[in-house]
Amino acid sequence: MTYSFVVEPVSVLDFDSEDELIDRCKEWNLLPATATRVKTYQYKRNGLTLPVQIVGYVDSQTVVIQFENKQQHCIHPAYLKEMQTAAFGQRTIAPAEAAKAEDSAEMQEETPPAENILEEQASQAGPEAEAASGEILSAPDSTDSDSAKQETPVIPQKKAAASKKKAAVQLPEDKLAITARVKEFTTVPNHFSDNDDEVIIYEAVSVEGHDLAIEEVWSSHSATLKKLELNTGDKVSFEAKIVSKKLTQHPVKYKVNNPSKMKKIDPASLTEDLQ
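## Examining the layout of surface pockets
Estimated volume of the largest pocket: approximately 1,100 Å³. Counting only elements with at least two residues in the lining of the largest pocket, the list comes to α1 (18-27), β2 (48-59), β6 (197-207), β7 (217-220), α8 (223-226) and β9 (254-264). For the lining of the largest pocket, the leading source of residues is α1, giving five residues. Split into classes, the residues belonging to the lining of the largest pocket amount to 12 nonpolar, 13 polar and 14 charged.

Spelled out as structure tokens, the structure:
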């Protein structure tokens, strides 16, 4: 059985470990501060009560839950918490809270409708262009003037331009063999914690078997990685999945999730690469 209401995530940020999952759930107020293990949650909708598990997140305001049929769904953590109460469904949920729960579906929508494209072009070109856009939207028939017919191709031209902008890197879904160089250690704000998150930025990224236009990636500076005692300039190899996730306050567009088998590459190899 599949659920038609599901808002599937475009990309999911995985947890580095069960400890990170527990910590995130505490930040979202989905677990008490003393909790030491994860739990199964209940998703309630239209009289249904379905067991779900938290399997990842899209951002700090969007949790990804998974049903028993393996379908994944985006939901605001406050709304999921509300569903755990016995009174949920027996009273009216605050409109603002309900709106937050469904906003995750809208965040994936990036392409403006054709009407907005035409209106935008018209407002930039002036009153005459506005009149022309009105003719295009009203779908002129064969008796329209030649000038109106000439305006008609505006839509595909705009779509072509939009396609170029959206020609993003096609990221493989599997784990990849990656080599990179440690560029910087930094921190980014964590709105759910008093402490900032520690991260690593890598440069000179190379993916085995793939020609990806990716120069820099980032990852969490987890306790596991800290054991390697990495330094700026160290060249490393590891396996990880690359996802499109911009680093807050930095121009780094891609993140590596759950890097494993990380090891330093011999300094001699690093010297050769830098020459």
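## Section: the pairing of strand β4 (residues 72-75)
In this sheet, β4 lies alongside strand β3 (residues 62-67) in antiparallel orientation, the contact comprising four bridges. Note that in β4 the partner of Gln 66 across the bridge is Gln 72. Hairpin connection, β3 to β4: the antiparallel pair is bridged by four residues, and Lys 70 has positive phi, about 75 degrees.

## Some details on the packing of aromatic side chains
Under the defined criterion, the tally for this structure stands at 10 aromatic pairs. Measuring from ring centre to ring centre gives 6.0 Å for Phe 5 and Phe 67, while their planes differ by 80 degrees; the resulting arrangement is edge-to-face. With a gap of 62 residues between them, Phe 5 in the segment before α1 and Phe 67 in strand β3 connect regions that are remote in the sequence. A relative accessible area of 16% places Phe 5 in the buried class. Phe 67 gets classed as buried once you look at its relative accessible area, which sits at 3%. One aromatic cluster is present, formed by Tyr 3, Phe 5, Tyr 43 and Phe 67 through successive ring pairs.

Thresholds applied
Residues numbered from 1 in each chain as written. Predicted model: local features only at pLDDT ≥ 70, side-chain atom pairs only at ≥ 80, totals over all residues. Heavy atoms only, no water. 1 Å grid on protein atoms, 1.4 Å probe; cavity = no way out; pocket = protein on both sides within 12 Å on 5 of 7 lines; lining within 4 Å. Points joined across faces, edges and corners; volume = space filled by probe spheres on them. Helix = DSSP H or I, 4+ residues; strand = E, 2+ residues; numbered from the N terminus. Nonpolar A, V, L, I, M, F, W, Y, C, P; charged D, E, K, R; others polar. Pairing = 2+ DSSP bridges. Phe/Tyr/Trp six-rings, centres within 6.5 Å; stacked < 30°, edge-to-face > 60°. Buried < 20%, exposed > 50% of the residue type's maximum accessible area, 1.4 Å probe, protein only.

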